[in-house]
Amino acid sequence: MSPDVVQNVDLHHDEWGTVGSVIFWNYTHDSKNLWLTYISEGKEKVAKQIIEGIDEEKKSVTFNVIEGDLMEFYKTFKAIVHVDTIGEDNLVTWTFEYEKVSEDVTEQHTLIQHTLMDLCVKMTKDIESHHLTNAG
């Protein structure tokens, strides 16, 4: 649904959408306005993650990144997506929990966080557009 930022997603273990699933992502940061060489425009990245938790009642999923480019800067990195439904409206919230490998990654950390959040917002909007187009 987001081919300009996600080139490929492969299931490496278990079943799609289940706790314990291991998923491998090929994605691209779109960082045209950033000067950091690590995050160059259109540079392809990889991430291997485990679905650590799914809470149907709270409408949240927790992803734990275990391998890939982010591990250059983080000892641990989790992404949590949560949906609040109010009437017919859905509000999607992304939260990142992380531990940096060292305090030396301050500038890179800030820029990585911004581009990752941009990527999550882009994917969320693409999913919304897909659902709105196919609704009815």
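For the structure itself, consult the block above.
Scoring rules and cut-offs
Residues numbered from 1 in each chain as written. Predicted model: local features only at pLDDT ≥ 70, side-chain atom pairs only at ≥ 80, totals over all residues. Heavy atoms only, no water. Pairing = 2+ DSSP bridges. Helix = DSSP H or I, 4+ residues; strand = E, 2+ residues; numbered from the N terminus. Axes fitted to C-alpha atoms, helices over the stretch in contact; angles between N-to-C directions. Buried < 20%, exposed > 50% of the residue type's maximum accessible area, 1.4 Å probe, protein only. Contact = heavy atoms within 4.5 Å. Phe/Tyr/Trp six-rings, centres within 6.5 Å; stacked < 30°, edge-to-face > 60°.

*Asks:* Whenever I open this one, the sheet that holds strand S3 (residues 44-55) confuses me. Can you help?
*Replies:* Neighbouring strands of a sheet are bound in pairs by backbone hydrogen bonds; such pairs are parallel or else antiparallel. Sheet architecture is open: six strands sit in the order S1-S2-S3-S4-S5-S6, paired in antiparallel fashion. Two strands lie at the open edges of the sheet, namely strand S1 (6-13) and strand S6 (89-100), each paired on one side alone. Between one strand axis and the next, the sheet turns through 25 degrees on average, direction left out of account.

*Asks:* Help me understand the environment of Ala 79, please; the structure alone is not making it clear to me.
*Replies:* Tracing the backbone shows Ala 79 in strand S5 (residues 74-86). Relative accessible area serves as the criterion here: at 10%, Ala 79 is assigned to the buried category. For Ala 79 and Val 61, which are 18 residues apart along the polypeptide, the C-alpha to C-alpha distance reads 8.3 Å. Excluding anything up to four places from it in sequence, Ala 79 contacts Val 61, Thr 62, Phe 63, Trp 94, Thr 95 and Phe 96.

*Asks:* Got a minute to help me understand the packing of aromatic side chains in this structure?
*Replies:* The description of an aromatic ring pair rests on the distance of the ring centres and on the angle between the ring planes. If you walk through the whole model with that rule in mind, you get four aromatic pairs. Plain terms: the ring middles of Phe 77 and Tyr 98 are 6.4 Å apart, the flat faces sit at 20 degrees to each other, and that makes the pair stacked. Placement of the pair is Phe 77 in strand S5 and Tyr 98 in strand S6, with a sequence separation of 21 residues. Under the relative-accessibility criterion, Phe 77 is labelled buried at 2%. Taken together through their ring pairs, the aromatic side chains of Tyr 74, Phe 77, Phe 96 and Tyr 98 make up a single cluster.

*Asks:* Where do I start with the pairing of S3 in this structure?
*Replies:* Every other side chain in a regular strand lies on the same face of the sheet, so the side chains alternate between the two faces. Two strands pair when backbone bridges link them, and strand S2 (residues 22-28) and S3 are joined in this way by seven bridges, in the antiparallel orientation. Among the inter-strand pairings, Thr 28 is bridged to a residue of S3, identified as Glu 44. As paired strands, S3 and strand S4 (residues 60-68) are joined by eight bridges and run antiparallel to one another. Opposite Ile 54, over in S4, you have Val 61 as the bridge partner. Between S3 and the antiparallel strand that follows it, S4, lie four residues; Lys 59 among them carries a positive phi value of about 55 degrees.

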